[in-house]
Amino acid sequence: PSRFDRSLTMTTAAAPTDRNYLLILSYVTIFGIWVGSQLTLIPYVIHLLVLVTAILYAACHQSLVLRQDPKVETHADGTTTTTSPQVETLRKEDAMQFPILGSASLFGLYLAFKFLDKELVNLLIGAYFGIVGCVALTATVSPFAPTLGKKFSMDKKIAHPLPAFLAGESPWEIIFDVSLGQVLVFLAAAAFTYFYFALGKPWAMNNVLGICFCLQGIERFSLGTYKIGAILLVGLFFYDIFWVFGTDVMVTVAKNLDGPIKILFPRGHNEETGKLELSLLGLGDIVIPGFFLSLLLRFDAHKANVPTAITNVHAKFSKPYFHSALFAYVLGLGTTLYVMIVFNAAQPALLYLVPACLGSSLLCAAVRGETADLFAYSEEEEEEEEEKKEKKADGDKKDD
């Protein structure tokens, strides 16, 4: 089954008495506050805090599917097919390099806006985000769409003569399993993305794509271990401080880059120009801490011995690490807004969010006497087994 089908099954398969009403409320809140912001001016601090909290709660709970064991299907001809949730896991090396690569990308964009035509840069970046946004919107809406008829499947390998560094290893493996409903959702998402650009990238449509990026990124990505998450957060803590306080690079790129890499919040109309004034929050300030919060939620599920054979995102279990970290995140974000308003200056949100997330999780572990368990928790079982095999093989060679 496709990733979309598994998500829908896991979300809806729970018994009527086994519902996470906060999860349902989160989705209702995301939709409701988006619609409400079109009808009336919501105080942007409330708008921001409520929307971001709802996004994190929903996305982190959907990430519970990453715990599901691979599903083995036996076909009539005796062959078997193994399917597992699509997950990207961060390695320690990647976490250490991330601030460096992020700095290079950020500075590259800064130079592009400074020396090249702004419209051309935004056109190229917009084309990329248009494709990715269409996919993200499809992935977000598809679980709620009806199947509508039979499914279309393909599982083929196609050889290609192109160099691996250009087109990847040969052959290409093309696998998909979609329903008519999903095809219609994709077409609707493509139409939405087209009108987003055709109408001049209105803030409301920008937020739809930004919300979808957050939901899909958090629920599909694993930090692997708590230690890797801590390395990533600490690295980005200094990255954010340097580029916001030390230079004008971050603010310049954020203001000039016209794309769904941020969520916009109306503050009211300018008295002189009559134009709508907007505050913004970069998606990185939601997604990066979201990766960490989702890891803590899965650790809560691990400690509660939640079954992994079939994942139910509505399952009820104790969530001390997730709840404490989410509460700390909201306090950190509120502090960011307070300092920004008082000093009337842009603030590096991770300056407040990283200590909040790391501090709350470490305090929770210390109080519960589970610090060793938290640091030992890993979602990299396959990679760890491969490393052990490699070390054993190297040891055998030395013995020979």
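Everything discussed here concerns the structure shown above.
On a predicted model such as this, the values are computed, not experimentally measured, just so you know.

Thresholds applied
- Residues numbered from 1 in each chain as written.
- Predicted model: local features only at pLDDT ≥ 70, side-chain atom pairs only at ≥ 80, totals over all residues.
- Heavy atoms only, no water.
- Phe/Tyr/Trp six-rings, centres within 6.5 Å; stacked < 30°, edge-to-face > 60°.
- Lys NZ or Arg CZ within 6 Å of the ring centre and 35° of its normal.
- Helix = DSSP H or I, 4+ residues; strand = E, 2+ residues; numbered from the N terminus.
- Buried < 20%, exposed > 50% of the residue type's maximum accessible area, 1.4 Å probe, protein only.
- Axes fitted to C-alpha atoms, helices over the stretch in contact; angles between N-to-C directions.
- Parallel < 35°, antiparallel > 145°, perpendicular 65-115°, else oblique.
- Left-handed = near helix turned anticlockwise from the far one by under 90°.
- Contact = heavy atoms within 4.5 Å.
- Nonpolar A, V, L, I, M, F, W, Y, C, P; charged D, E, K, R; others polar.
- Patch = residues over 30% accessible without salt bridge, like charges linked within 9 Å, V, L, I, M, F, W, Y side chains within 5 Å.
- Areas by Shrake-Rupley, 256 points an atom, 1.4 Å probe, with all protein chains shown as cover.
- Salt bridge = Lys/Arg side-chain N within 4 Å of Asp/Glu carboxyl O.
- Pairing = 2+ DSSP bridges.
- Expected span 1.5 Å × (residues − 1).

Caption draft 1: Just the packing of aromatic side chains, in detail. For the structure shown, the criterion picks out 14 aromatic pairs. Site record: aromatic cluster; members linked through ring pairs are Phe107, Tyr110, Phe242 and Trp243. A cation over a ring is seen here: lysine 319 above phenylalanine 317, with NZ or CZ 5.0 Å from the ring centre.

Caption draft 2: The arrangement of the environment of isoleucine 174 in detail. If you trace the backbone, isoleucine 174 turns up in strand S5 (residues 172–179). Assessed through its relative accessible area of 30%, isoleucine 174 is described here as partly exposed. Through-space distance from the C-alpha of isoleucine 174 to that of lysine 157 is 6.1 Å; in sequence the pair is 17 residues apart.

Caption draft 3: Spatial organisation of the packing of helix H5 (residues 118–141) against helix H8 (residues 203–220). Between H5 and H8, the shortest axis-to-axis distance is 9 Å and the interhelical angle comes to 70°. Of the possible angle classes, the one that applies to H5 and H8 is roughly perpendicular. Regarding H5 and H8, the two cross each other, and that crossing is left-handed. Contacts from Phe129, Val132, Gly133, Ala136, Leu137, Ala139 and Thr140 in H5 reach Val208, Leu209, Cys212, Phe213, Leu215, Gln216 and Arg220 in H8. Here the residues of the contact of H5 with H8 sort into ten nonpolar, three polar and one charged.

Caption draft 4: Broad picture of the environment of tyrosine 329. Relative to the helices and strands, tyrosine 329 resides in helix H12 (residues 320–343). Excluding anything up to four places from it in sequence, tyrosine 329 contacts Val52, Leu56, Asp285, Ile286, Pro289, Leu353, Ala356 and Cys357.

Caption draft 5: Representation of a nonpolar patch on the surface within the structure. On the surface, Tyr21, Leu22, Ile24, Leu25 and Val28 cluster together into a nonpolar patch covering about 500 Å² of accessible area. Here valine 28 is to be found in helix H2 (residues 21–39).

Caption draft 6: Structural view of the pairing of strand S8 (residues 276–282). Inspection of the sheet shows strand S7 (residues 262–269) paired to S8 by seven bridges, in the antiparallel sense. Within S8, the residue paired with leucine 264 across the bridge is leucine 280.

Caption draft 7: View of helix H9 (residues 226–246). When the terminal C-alpha atoms of H9 are compared, their 29 Å separation across 21 residues agrees well with the 30 Å that a helix rising 1.5 Å per residue should span. Considered for burial, the residues of H9 that qualify are Tyr226, Ile228, Gly229, Ala230, Leu232, Leu233, Leu236, Phe237, Tyr239, Asp240, Trp243 and Val244. Tucked inside the fold, the buried residues of H9 contact helix H4 (92–115), helix H10 (249–256), helix H11 (284–303), helix H13 (350–368) and helix H14 (371–376).

Caption draft 8: Quick look at the pattern of salt bridges. For the structure on display, the rule yields six salt bridges. Among the salt bridges present, the one from arginine 267 reaches glutamate 277, with a minimum N-O distance of 3.5 Å. Here the residue arginine 267 occupies a position in strand S7, and glutamate 277 occupies one in strand S8, the gap between them amounting to ten residues. A residue is classified by how much of its surface remains accessible, and arginine 267, at 40% relative accessible area, is partly exposed. Overall, glutamate 277 belongs to the partly exposed group, its relative accessible area being 29%. For the salt bridge of glutamate 379 with arginine 298, the shortest nitrogen-to-oxygen distance reads 2.7 Å. With glutamate 379 in the loop between H14 and helix H15 (381–399) and arginine 298 in helix H11, this residue pair connects regions lying 81 residues apart in the sequence.

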